[in-house]
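# Commentary on secondary and tertiary structure
Take a look at the letters that make up each chain.
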Amino acid sequence: MTISKSADNVHDLIARRRRERDRIPRHAVPDSGVPVSSTQERIWFGEMFNPGFGFYHVPATLRLRGPLDAGALDRALCEVIRRHEILRSTVEEVDGMPVQRVGDAPASVLRSVDLGDEPDAEAEAARMAADDILAPFDLRHGPLWRALLLRLGPDDHVLVLTFHHIVFDDPSFGIVGREVEALYTEAGGEAGDGRAGLPDLDLQYTDFSVWQRERLRTEDVRSRLVDYWRRTLDGVPRLLDLPSDRPRPPHRRRAGRFHRSRLSGDVVAAVRAVARDEGTTPFTVLLAAYGVLLSRYAGQADIVTAVPAAGRIRPELEALVGCFINIICLRLDLRGEPTFRELLRRVRHASVEGHDHEEMPFEELVRELHPQRPQSHTPLFQAGLGVRDNDGVFLNLPGVRASEFVPDVEVSHFDLMVDFSVDGDGMAGLWGYNDDLFDPATVEVLAEQFALLVAEACVHPDRPVGDLSLPPAPGLPEAGTGGAEGPAAVLAERVRLAPGSPAVTAHPGTSSPGTSSASASSAVTLTYAELDARAESLVPAVRRGAEAPAADSPDPAVWRYAHLKADVLDGRTTSAGAAPIADLASRIGLGVADTVLTFAPPASGAFADAMLLALLHGAHLVTAPPEAARDAGRLRALVADATVVHAPPAAWRLLLRDGLPADRPFTALCDAAATPPGLARELAAAIPTWTLYGERWAAAHRVDPLAEPRRGVPVGEPLAGRSIEVADRAGRPGATGVPGEIHVGHAATGDRGRTLPDGSVELLGRFDRMFTVGGFRVDTDELARSLAGRPGVTEAAVDVRHDRLAAYVVGEGIDLKELTAHLPEYQVPGSVTVLDSLPRTVEGHLAHEELPSPEAPGDEGGHVPIEGGTEEAVAGIWRELLGVEEIGASDGFLDLGGHSLTLARLSLRYEVAFGVEVELPDLLRHATVREQAVLIDERRAQAGLTGEEAAS
């Protein structure tokens, strides 16, 4: 993590407010060690939870060209480590508390490897540097640093320094660099001892950690800090809902990646000019522009960003190596459509005030504010920005030219964190991102858009931030109409060529008036000639605006056909109606020998398009009642003779469960908005599968069974005569990646989507199905698709009832405990209601208003009584650690006020009480009393322990 330049520049602004304070006192370090600082505590806890990722490694790699004295460099580094006790320290857990102990100084630290004989020494150096940077540290035994010198040639070396963040931060490199430079010449030659008369250090890091702990217990200091941050962050959204490329997993799984960008000299000059005009810093300008970009992507006007701060709040700390850096949560307020200049002033005020209260460690802030502690993202913020005023070169040795050497190491701790540094007359950007969520192409576009946004904001600072433009997405080329004839003319030709061929077969539903279960399978078939004759007789009624007939006969198809003959196909021109359907038929290879089976409700646009798909190409249309999609026997009978099947997700689940007919494969057509992507991929692994977008089909997508799961749903390529684009809230063409409303032609759909870097459009959900629940924004349609992809569920819907998520499923139901392993906590429903079927309108849309109300939570918030000896023992330990008497089996440890240290103590108490080890990640993933009791029982059974243990 790097430090924002604001931590220095803003420091000048707030220094006037600070009175002279007592100096930090010295403390002896006992053999038992001293408590870690608050920042160290956060890092220790994070390392325990995510071991082996390398999140907390602080590396620097330099290319050193010139005559290098490796011995002198080694002795200089040894002296730096001797001087700074923190570099000789280790951290271990004692009685559930992390403590640091100081060890002896090393005699040698620099490990050297000669790569002179390697055919590609530079590539091998990059590989070895990456391996060394990512190699794990042992916090308990140390050392918590590594120094590697790779010799590429006589006067060509790569120096790799890697520190664990628990003993080091980015500003510490400057201190190490200055001291090594001073010591290097003195350390030259065999007689040099590497001590160049540097003044002794008045303080050590342990003095700071003890002082900090005592100071934060001081009532006036703590209350001032807590009151400010509680007031400032009250009501902030709990999640910055950036549109990710993949669904957010319940736990972080990968280490992240980086993208490098650059702001040109012209842009940086404009940034500095605006900063001068407003009496602020370039960092503030960049942060304001970053806020605009995040707001566009997330659709939120209230944003919290992380800003690294030096944490060296006292002058006597400036010369100390150690982990002082802190995270400041700055709230960016874009509400009310401010101009960029006004936003800049808001950000400047927030930054000055934030740095004036930066003494509050982030871990302490989280503990005090007690936000929900999700395992899938950091609390309070998910994105951040920092600026540093150097180019990564911190070491200048006499006769040696140093430059940055960049190995292929990619570790990013947050969803999105961008750091800028000086790069000639411009600035280099390093965009760290969570590759669980984002593709490289997405972050590349973000970086490009940021540069454009900064440039325009500086040219037009008095323009409202909503009017700062980004270049429109390129989009896919519109498919031509192909010169298709009108559907009425084509159908007339079909009647002439094959009057006796079957045109429409209708299978009535079991609930149709006068229809018994025994006769439900009886069907009525019309030939092309019969269909044409019946439709001709209905044309006058159509022209008079008569209502459509009931859905239990071929009449709905006849009625649609009559509309064609009357040339009033829902207000479209007849040629436009035929072109997209002809295009789809060409893509799926449909012809006169095919039979098209559809379950679409007769009043829906999908029914009309399915009819056109079949009849315009001389095929046979078979209609089935929607309820047949959930009847395994009827479903198998219906698909037996079909070559193209257009069906809802429930039907595909039944067919996949019972086995698709192997002797007669068919092509599957699915609704893009309703079909879970996982189900579509599973189906595509067996038969050709297409998803169709739109109430009237506007785009088609051939499903790739090997495609990586995505958060959104591919819309597909537009069909002939159709155009699809994403527009912003003003109706203008949207920018790549920025969510907006999908338009088909010039008509708004109400669908939320975005254009991907390759020009394709992705469906993200519905604007009217976005809700804020518990401070988190949730797309209930997206969540419903996830639930419908679970085993034993054929259909799913999600609504918000009693201020919590309520799930409705058709099938076997869902185990909410099991669901926590697959979804982030904030997406897990509070209730699940199992239904025989989901209520739908006559057009086939989900009728949310008809979903039954789940049982309202009780006054005690759904208190679940403690049951069993292990649960009672667990609850007893919780009561002691948390000071809470009323504890239910479904209560969560963090929700009741637990934090990192109490979690560590909890792990220790379990080991003593039950004789089994329960690690921190397990305690976070199994958060409730009941879940932890079950986990403990399982561990005891695996260890061969019997009987119940009472907590001591």
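Just so it is clear, the model here is predicted, and its values are computed rather than measured. (Residues numbered from 1 in each chain as written. Predicted model: local features only at pLDDT ≥ 70, side-chain atom pairs only at ≥ 80, totals over all residues. Heavy atoms only, no water.)

## Topic: the sheet that holds strand S31 (residues 793-801)
Sheet strands line up and pair through hydrogen bonds in the backbone, either parallel or antiparallel. Strand order in the open sheet formed by 3 strands is S31-S32-S33, and the pairing between neighbours is mixed. Each edge of the open sheet is held by one strand with a lone partner, namely S31 and strand S33 (831-835). On average, each strand axis in the sheet is inclined to that of its neighbour by 25°, with strand direction left out of account. As defined by bridge partners, strand S32 (residues 804-811) adjoins S33 across 5 bridges and the pair is classed as parallel. Directly across from Tyr 808, in S33, lies its bridge partner Thr 833. Across the sheet, helix H21 (residues 780-788) is in contact with S31 and S32; its angle to S31 comes to roughly 150°. (Pairing = 2+ DSSP bridges. Helix = DSSP H or I, 4+ residues; strand = E, 2+ residues; numbered from the N terminus. Axes fitted to C-alpha atoms, helices over the stretch in contact; angles between N-to-C directions. Contact = heavy atoms within 4.5 Å.)

## Some thoughts on the confidence of the model for the protein chain
Of all residues in the protein chain, 90% attain a pLDDT of 70 or more, and the chain-wide mean is 87. The secondary structure element of the protein chain with the lowest average pLDDT is helix H1 (residues 6-15), at 52, and the one with the highest is strand S21 (residues 689-693), at 98. The low-confidence segment residues 856-861, where pLDDT is below 50, has 3 contacts with residues more than four positions distant or belonging to other chains. (pLDDT = per-residue confidence, 0-100.)

## Things to note about helix H6 (residues 205-216)
An ideal rise of 1.5 Å per residue puts 16 Å on 12 residues; H6 measures up with 16 Å between its terminal C-alpha atoms. Within H6, 11 of the 12 residues are buried, which leaves the element mostly enclosed by the surrounding structure. The complete set of buried residues in H6 reads Tyr 205, Thr 206, Asp 207, Phe 208, Ser 209, Val 210, Trp 211, Gln 212, Arg 213, Arg 215 and Leu 216. At its buried positions, H6 is contacted by strand S1 (34-35), helix H2 (38-49), strand S4 (97-102), helix H7 (219-232) and helix H11 (362-369). (Expected span 1.5 Å × (residues − 1). Buried < 20%, exposed > 50% of the residue type's maximum accessible area, 1.4 Å probe, protein only.)

## So, the pattern of salt bridges
Within this structure, the stated rule accounts for 64 salt bridges. Between Asp 423 and Arg 262 there is a salt bridge, with the nearest N and O atoms lying 2.7 Å from each other. Of this pair, Asp 423 sits in strand S13 (residues 416-423) while Arg 262 sits in strand S8 (residues 257-263), and the two are 161 residues apart along the sequence. Using a relative accessible area of 29% as the deciding quantity, one classes Asp 423 as partly exposed. With its nearest N and O atoms 2.8 Å apart, the salt bridge here joins Asp 728 to Arg 732. In this structure Arg 732 comes out as partly exposed when scored by relative accessible area, which is 36%. The structure contains a network of salt bridges with shared partners spanning Glu 41, Arg 213, Arg 222, Arg 230, Glu 363, Glu 364, Arg 367 and Glu 368. (Salt bridge = Lys/Arg side-chain N within 4 Å of Asp/Glu carboxyl O.)

## Structural notes on the packing of aromatic side chains
Overall, the coordinates contain 21 aromatic pairs when judged by the stated rule. Aromatic side chains Phe 420 and Trp 431 sit 6.5 Å apart centroid to centroid with 80° between the ring planes, which places their arrangement in the edge-to-face category. With Phe 420 in strand S13 and Trp 431 in strand S14 (residues 426-433), the pair connects residues that are 11 residues apart, well separated along the chain. Given a relative accessible area of 0%, Trp 431 falls into the buried group. Note on Phe 420 and Phe 450: the rings are 5.5 Å apart at their centroids and 25° apart in plane angle, and the pair reads as stacked. Note that Phe 420 is positioned in strand S13 and Phe 450 in helix H12 (residues 440-459), a separation of 30 residues in sequence. Residue class for Phe 420 comes out buried when judged on its relative accessible area of 1%. Taken together, Phe 163, Phe 168, Phe 173 and Phe 394 form an aromatic cluster joined through their ring pairs. The positively charged end of Arg 146 is found above the aromatic ring belonging to Phe 137, 4.0 Å away from the centroid. (Phe/Tyr/Trp six-rings, centres within 6.5 Å; stacked < 30°, edge-to-face > 60°. Lys NZ or Arg CZ within 6 Å of the ring centre and 35° of its normal.)

## Considerations on the side chain of Ser 907
With respect to the element layout, Ser 907 can be found in helix H24 (residues 900-914). When neighbours within four sequence positions are excluded, Ser 907 is seen to be in contact with Val 918, Glu 919 and Leu 923.

## A few points about the sheet that holds strand S22 (residues 699-702)
With mixed pairing, 9 strands are arranged side by side in an open sheet as S16-S15-S18-S17-S19-S20-S21-S22-S24. The sheet is open, and its two borders are formed by strand S16 (524-527) and strand S24 (717-718), each paired with just one other strand. Contacts between helix H20 (residues 677-684) and the sheet are confined to strand S20 (667-671) and S21, with S21 contributing the most and set at about 145° to the helix.

## Notes on the packing of helix H9 (residues 282-298) against H12
Contact pair H9 / H12: the axes reach a minimum separation of 9 Å and the direction vectors enclose 125°. Between H9 and H12, the angle falls in the class oblique. Seen along the crossing, H9 lies across H12 with a hand that is right-handed. On H12, the residues that touch Val 285, Leu 286, Ala 289, Tyr 290, Val 292, Leu 293 and Tyr 297 of H9 are Val 445, Leu 446, Gln 449, Phe 450, Leu 453, Val 454 and Cys 458. In the contact of H9 with H12, the residues fall into 13 nonpolar, 1 polar and no charged. (Parallel < 35°, antiparallel > 145°, perpendicular 65-115°, else oblique. Left-handed = near helix turned anticlockwise from the far one by under 90°. Nonpolar A, V, L, I, M, F, W, Y, C, P; charged D, E, K, R; others polar.)

## Some thoughts on the pairing of strand S17 (residues 595-598)
Two faces, one strand: in a regular strand the side chains alternate between the faces of the sheet. The two faces of S17 match: Thr 595 and Leu 597 on one face and Val 596 and Thr 598 on the other face are all buried. Two elements, S17 and strand S18 (residues 620-623), share 4 bridges in a ladder whose sense is parallel. Its bridge partner lying in S18, Val 596 is registered against Leu 621. On the question of chirality, the crossover connecting S17 to the parallel S18 by way of helix H17 (residues 605-615) is right-handed. Sheet topology places S17 next to strand S19 (residues 644-646); 3 bridges connect them, and they run parallel. Residue pairing across strands places Thr 598 opposite His 646, the latter belonging to S19. (Right-handed = clockwise from strand over helix to strand, strands pointing away.)

## Observations concerning the packing of H9 against helix H10 (residues 340-356)
Interhelical geometry of H9 versus H10 gives an angle of 115° and a closest axis separation of 9 Å. With respect to each other, H9 and H10 are oriented roughly perpendicular. Handedness of the crossing formed by H9 with H10: right-handed. On H10, the residues touching Phe 283, Thr 284, Val 285, Leu 287, Ala 288, Ala 289 and Val 292 of H9 are Phe 340, Leu 343, Leu 344, Val 347, Arg 348 and Ser 351.

## A closer look at empty space enclosed by the protein
Summed over the entire model, instances satisfying the criterion amount to 7 cavities of 30 Å³ or more. Of the pockets and cavities examined, the second largest cavity occupies roughly 100 Å³. Around the second largest cavity sit 13 residues that line it, and Phe 208, Gln 212, Gly 311, Ile 313 and Glu 359 are the ones nearest its centre. Considering every element that reaches the lining of the second largest cavity, the biggest residue donor is H6, with 5 residues. Classifying every residue of the lining of the second largest cavity by side-chain character gives 6 nonpolar, 4 polar and 3 charged. (1 Å grid on protein atoms, 1.4 Å probe; cavity = no way out; pocket = protein on both sides within 12 Å on 5 of 7 lines; lining within 4 Å. Points joined across faces, edges and corners; volume = space filled by probe spheres on them.)

## Quick look at the pairing of strand S27 (residues 747-755)
Of the pairings in the sheet, the one linking strand S26 (residues 740-744) to S27 comprises 4 bridges and is antiparallel in character. Bridge pairing in S27 places His 743 opposite Ala 748. Taking the residues between adjacent antiparallel strands as the criterion, S26 and S27 are bridged by 2 residues, where Gly 745 takes a positive phi near 65°. Where S27 and strand S28 (residues 761-766) come together, 5 bridges link them in antiparallel fashion.

## Considering the environment of Gly 486
Of note, Gly 486 is situated in the loop between H12 and helix H13 (487-497). Here Gly 486 falls in the buried class, since its relative accessible area comes to 16%. Each C-alpha atom of the pair Gly 486 and Ala 579 lies 8.3 Å from the other, and the pair is 93 residues apart in sequence.

## Topic: the nonpolar core
Ranked by size, the top nonpolar core spans 100 residues in total, and within it Leu 87 and Tyr 910 carry the most contacts. Broken down by element, this core gets its largest block of residues, 7 residues, from helix H3 (residues 70-83). For Leu 87, the contacting residues outside a window of four places in its chain are Val 80, Ile 81, Trp 145, Phe 163, Val 167, Phe 168 and Val 321. In this structure, Val 271, Phe 340, Met 427 and Phe 438 belong to the second largest nonpolar core, which totals 76 residues. (Core = buried A, V, L, I, M, F, W, Y, C linked by side-chain atoms within 4.5 Å.)

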